[in-house]
Amino acid sequence: MEGPLGQPLYNAIAALIRQQIATPPDVGIILGSGLGAVAEQVEGPVTIPYHTLPAWPCSTVAGHHGELVVGRWANHTVAVLNGRAHYYEGYSMGELAVPVRVLRTLGVTRLIVTNAAGGLEPGFRAGDLMLITDHINLAGMAGPSPLRGPNDAALGPRFPDMTRAYDPALQHLARSVAKAKKMRLREGVYVMLAGPAYETPAEIRFLRLIGADAVGMSTVPEVVAACHAGMAVLGISAISNVAHFAPSAEKVSHDEVLAAGAAIGPRMRDLIGGVLAQL
Ligand code: HPA
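My aim in this report is to walk through the structure given alongside it, one point at a time.

Looking at the pattern of salt bridges
Here is step 1: Under the counting rule described, the total for this entry stands at eight salt bridges.
Here is step 2: Between Asp26 and Arg110 there is a salt bridge, with the nearest N and O atoms lying 3.5 Å from each other. Taken together, the positions of Asp26 in the loop between helix H1 (7–18) and strand S1 (27–31) and Arg110 in strand S5 (residues 110–119) put the pair 84 residues apart, joining distant regions of the chain.
Here is step 3: The partner of Arg175 in a salt bridge is Glu187, and the shortest N-O contact between them spans 2.5 Å.

What follows is the structure, encoded as structure tokens:
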């Protein structure tokens, strides 16, 4: 079943998942570094380890669990990717898109993507939540894309529109939920770098100049594949550290990113739960 990436493979993986669950999911949720607590909200969870699913990219990074959790949450059947793989782990962009394409095959039409990110906007603080209003695909805009290669027209168009990559209606909903819950929700543009080295001060200055508010090493491949497949995307970053370019700036470490993710997890869960309740 390990054949080439394409609909027959996605169908086969979707069939394996369907055998284990009662109801097909309508919402997908991808959890970033340290945000595993969000998955605890799922009721009657069926947990499927990634390694039991062919071609499913498994994360080797601390803070990523490596299991698909399907169950009920706020009147929806959700499929939560508890842990994700990254480009820097050696996967191709196409391999990183497999879970999104399988979710689409299962009937998911709305995708909530989360990540841990470094705050570039000077007003951002570690612990903030940021609604992603747009992205800059720095790791891929001049090179690798999950859409590279023959296009499967049944999956989506050759040249997908990206002007509304983050669904305006879902953004609106997230804002109103945050307001009702008196939760501060920052907003901004997420830039994806390939990583895994964190940015130099000169790179941080460059990222500010090109209009980025938060920086990370994930999310964009999944969002490109989701937009291609016509899914509505909501993106939320957990600002785990601030990425400033002053020579006195603090060093960044993965441990710090994970600790911040764990601290933000309950608020991220609350926000997602509020959005799901109104979908
Ligand atoms: N840079 C890149 N990726 C990240 C960061 C950062 O500062 N924090 C969390 N992911």
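Structural notes on the side chain of Ser59
Here is step 1: The residue Ser59 is located in the loop between strand S2 (43–49) and strand S3 (67–73) in this model.
Here is step 2: Residue class for Ser59 comes out buried when judged on its relative accessible area of 17%.
Here is step 3: A polar atom in the side chain of Ser59 sits 3.2 Å from the backbone oxygen of Arg84.
Here is step 4: Among the polar contacts listed, one links the side chain of Ser59 to the side chain of Glu89, at a separation of 3.5 Å.

Details of the site of the ligand
Here is step 1: Neighbouring residues of the ligand: Ala116, Ala117, Gly118, Tyr198, Glu199, Val215, Gly216, Met217, Ser240, Asn241 and Val257.
Here is step 2: At a separation of 3.3 Å, a nitrogen atom of the ligand approaches a polar backbone atom of Gly118.
Here is step 3: At 2.7 Å, a side-chain N or O of Asn241 approaches a nitrogen atom of the ligand.
Here is step 4: Considered on its own, the ligand offers 260 Å² of accessible surface; in the complex 95% of this is hidden by protein.
Here is step 5: Secondary-structure elements contributing two or more residues to the shell around the ligand are S5, strand S8 (214–216) and strand S9 (232–242).
Here is step 6: When its residues are assigned to classes, the shell around the ligand shows six nonpolar, four polar and one charged.

Focus: the nonpolar core
Here is step 1: Membership of the largest hydrophobic core comes to 49 residues, with the highest contact counts inside it found for Ile13, Ile17, Trp56, Leu68, Val102 and Leu111.
Here is step 2: The element contributing the most residues to this core is helix H6 (residues 220–228), with six residues.
Here is step 3: Ile17 has contacts with Ile48, Leu53, Trp56, Leu68, Val102 and Leu106, leaving out every residue within four places of it along the chain.
Here is step 4: Membership of the second largest hydrophobic core comes to 31 residues, among which are Ala39, Leu173, Ala232 and Leu271.

Things to note about the packing of H1 against helix H3 (residues 98–106)
Here is step 1: The contact between H1 and H3 brings their axes to 9 Å, and the two run at 65 degrees. Considered as vectors, H1 and H3 are oriented roughly perpendicular to each other. By crossing handedness, the relation of H1 to H3 is classed as right-handed. Counting all contacts with H1, which are made through Gln7, Tyr10, Asn11, Ile13, Ala14, Ile17 and Arg18, the residues of H3 involved are Val98, Arg101, Val102, Thr105 and Leu106.

Rules and cut-offs
Within each chain, residues carry numbers counting from 1 in the order of the written sequence. The model is predicted, so local features are restricted to residues of pLDDT at least 70 and side-chain atom pairs to those at 80 or more, both for listing and for counting; the totals for chains, interfaces and linings are taken over all residues. Excluded from the side-chain calculations are hydrogens and water; all other atoms, namely the structure's heavy atoms, are used. The term salt bridge refers to a pairing of a side-chain nitrogen on Lys or Arg with a carboxyl oxygen on Asp or Glu at a separation within 4 Å. Counting from the N terminus, the helices are the DSSP runs of H or I reaching at least four residues and the strands are the DSSP runs of E reaching at least two. Accessible area is worked out with a 1.4 Å probe on protein chains only. A residue is then buried under 20% of its type maximum, exposed over 50%, and partly exposed in between. Two N or O atoms form a polar contact when they lie within 3.5 Å of each other; inside protein one atom must be a possible hydrogen donor and the other a possible acceptor, and for residues adjacent in sequence the pair counts only when both atoms belong to side chains. One heavy atom suffices: a residue is near a molecule or strand as soon as one of its heavy atoms comes within 4 Å of it. Here the open area of atoms and residues is found with the Shrake-Rupley method and a 1.4 Å probe, where only the protein chains shown may cover a residue. Polar here means any residue other than Ala, Val, Leu, Ile, Met, Phe, Trp, Tyr, Cys and Pro, which are nonpolar, and Asp, Glu, Lys and Arg, which are charged; Gly is therefore polar. Residues grouped as a nonpolar core are buried Ala, Val, Leu, Ile, Met, Phe, Trp, Tyr and Cys residues, joined through side-chain atoms within 4.5 Å. Residue contacts are defined here by distance: any two heavy atoms, one from each residue, within 4.5 Å place the two residues in contact. Axis definition: a line fit to C-alpha positions, over the contact stretch in the case of helices; interaxial angles, taken between N-to-C directions, run 0 to 180 degrees. Small angles under 35 degrees read as roughly parallel and large ones over 145 as roughly antiparallel, with 65 to 115 read as roughly perpendicular and the rest as oblique. The handedness criterion is simple: a crossing whose near helix is rotated anticlockwise from the far helix by less than a right angle is left-handed, and one whose near helix is rotated clockwise is right-handed.

Any functional reading would require information beyond the geometric quantities listed.
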